[in-house]
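Residue strings, one per chain:
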Amino acid sequence: QVQLVESGGGLVQPGGSLRLSCKASEITFYVYDMAWYRQAPGKQRELVASITSLGRTNYVGSVKGRFTVSRQNNRNTVYLNMNNLKPEDTAVYYCNAKYNPTIEINFDYWGQGTQVTVSS
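Model, not experiment: these values are computed from the prediction. (Residues numbered from 1 in each chain as written. Predicted model: local features only at pLDDT ≥ 70, side-chain atom pairs only at ≥ 80, totals over all residues. Heavy atoms only, no water.)

Thoughts on the nonpolar core
Here is step 1 of the chain: By size, the foremost hydrophobic cluster in this structure holds 28 residues, and its most contacted members are Met34, Trp36, Phe67, Val78, Leu80, Met82 and Tyr93.
Here is step 2 of the chain: Breaking this core down by element, the ones donating at least two residues are β3 (18-25), β4 (33-39), β5 (46-51), β7 (67-72), β8 (77-82), β9 (91-99) and β11 (114-118).
Here is step 3 of the chain: Residues contacting methionine 82, with those up to four places away along its chain left out, are Gly16, Ser17, Leu18, Leu20, Arg66, Phe67, Tyr93 and Val116. (Core = buried A, V, L, I, M, F, W, Y, C linked by side-chain atoms within 4.5 Å. Buried < 20%, exposed > 50% of the residue type's maximum accessible area, 1.4 Å probe, protein only. Helix = DSSP H or I, 4+ residues; strand = E, 2+ residues; numbered from the N terminus. Contact = heavy atoms within 4.5 Å.)

Set out below in structure tokens:
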């Protein structure tokens, strides 16, 4: 079955760094647009960073210059490098894979999430 498995979350002090990984199984990975979302308690789920099948990236303004999203298609893996972490980055981070080439074909998969806690 299709799986997206995140890893790399944990507890880190403000100013620290983490790298999140998301490995996909049972999808044609290179055609999918990949993204990282996060959700903090009491807040809506937020798109943090995305990378298209062609490698174009986008970031929410609050993480620009601090986070970097990348992908390695030969490993079916997308990464989120997070630097200079702030307490406001604390959330559950989710990996998303999306493929919607036609109105009839619309695939959208989610990982289970990984907790990132930034605290002193």
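From this point on, the discussion continues.
Some remarks on the environment of valine 92
Here is step 1 of the chain: By the secondary structure assignment, valine 92 is in strand β9.
Here is step 2 of the chain: As for valine 92 and proline 41, which are separated by 51 residues in sequence, their C-alpha atoms are 8.8 Å apart.
Here is step 3 of the chain: Setting aside its immediate chain neighbours within four residues, valine 92 contacts Tyr37, Arg38, Gln39, Gly113, Thr114 and Gln115.

So, the sheet that holds strand β1 (residues 3-7)
Here is step 1 of the chain: What the 4 strands build is an open sheet, ordered β1-β3-β8-β7; its pairing is antiparallel. With partners counted over all chains shown, the strands left at the sheet margins are β1 and β7, one partner each. For this sheet the average axis-to-axis angle between neighbouring strands, irrespective of direction, equals 15°.
Here is step 2 of the chain: The pairing of β1 with β3 spans 5 bridges and is classified as antiparallel. Residue pairing across strands places valine 5 opposite lysine 23, the latter belonging to β3. (Pairing = 2+ DSSP bridges. Axes fitted to C-alpha atoms, helices over the stretch in contact; angles between N-to-C directions.)

Re the packing of aromatic side chains
Here is step 1 of the chain: Applying the stated criterion across every chain yields a total of 5 aromatic pairs.
Here is step 2 of the chain: Aromatic side chains tyrosine 32 and tyrosine 99 sit 5.4 Å apart centroid to centroid with 40° between the ring planes, which places their arrangement in the tilted category. Of this pair, tyrosine 32 sits in the loop between β3 and β4 while tyrosine 99 sits in strand β9, and the two are 67 residues apart along the sequence.
Here is step 3 of the chain: A relative accessible area of 4% means that tyrosine 32 is categorised as buried.
Here is step 4 of the chain: Considering the side-chain rings of phenylalanine 107 and tyrosine 109, the 6.3 Å spacing of their centres and the 20° angle between planes classify their relative orientation as stacked.
Here is step 5 of the chain: Residue classification places phenylalanine 107 among the partly exposed positions, given a relative accessible area of 36%.
Here is step 6 of the chain: A relative accessible area of 24% places tyrosine 109 in the partly exposed class.
Here is step 7 of the chain: An aromatic cluster of three or more residues is present, and its members are Tyr32, Tyr99, Phe107 and Tyr109.
Here is step 8 of the chain: For the cation-ring pair, arginine 45 lies above tyrosine 37, with the distance from its terminal atom to the ring centre recorded as 5.6 Å.
Here is step 9 of the chain: Arginine 45 extends its terminal NZ or CZ atom over the ring of tryptophan 110, reaching a point 4.1 Å from the ring centre. (Phe/Tyr/Trp six-rings, centres within 6.5 Å; stacked < 30°, edge-to-face > 60°. Lys NZ or Arg CZ within 6 Å of the ring centre and 35° of its normal.)

Considerations on the layout of surface pockets
Here is step 1 of the chain: For the largest pocket, the calculated volume is near 190 Å³.
Here is step 2 of the chain: Along the lines of polarity and charge, the residues of the lining of the largest pocket split into 2 nonpolar, 4 polar and 7 charged. (1 Å grid on protein atoms, 1.4 Å probe; cavity = no way out; pocket = protein on both sides within 12 Å on 5 of 7 lines; lining within 4 Å. Points joined across faces, edges and corners; volume = space filled by probe spheres on them. Nonpolar A, V, L, I, M, F, W, Y, C, P; charged D, E, K, R; others polar.)

What about the pattern of salt bridges?
Here is step 1 of the chain: Counting across every chain of the model gives 3 salt bridges.
Here is step 2 of the chain: Put simply, arginine 38 and glutamate 46 hold a salt bridge, and the shortest N to O gap is 2.9 Å.
Here is step 3 of the chain: The partner of aspartate 89 in a salt bridge is arginine 38, with the nearest N and O atoms 3.0 Å apart. Within this pair, whereas aspartate 89 is found in the loop between β8 and β9, its partner arginine 38 is found in strand β4, the two being separated by 51 residues in sequence. (Salt bridge = Lys/Arg side-chain N within 4 Å of Asp/Glu carboxyl O.)

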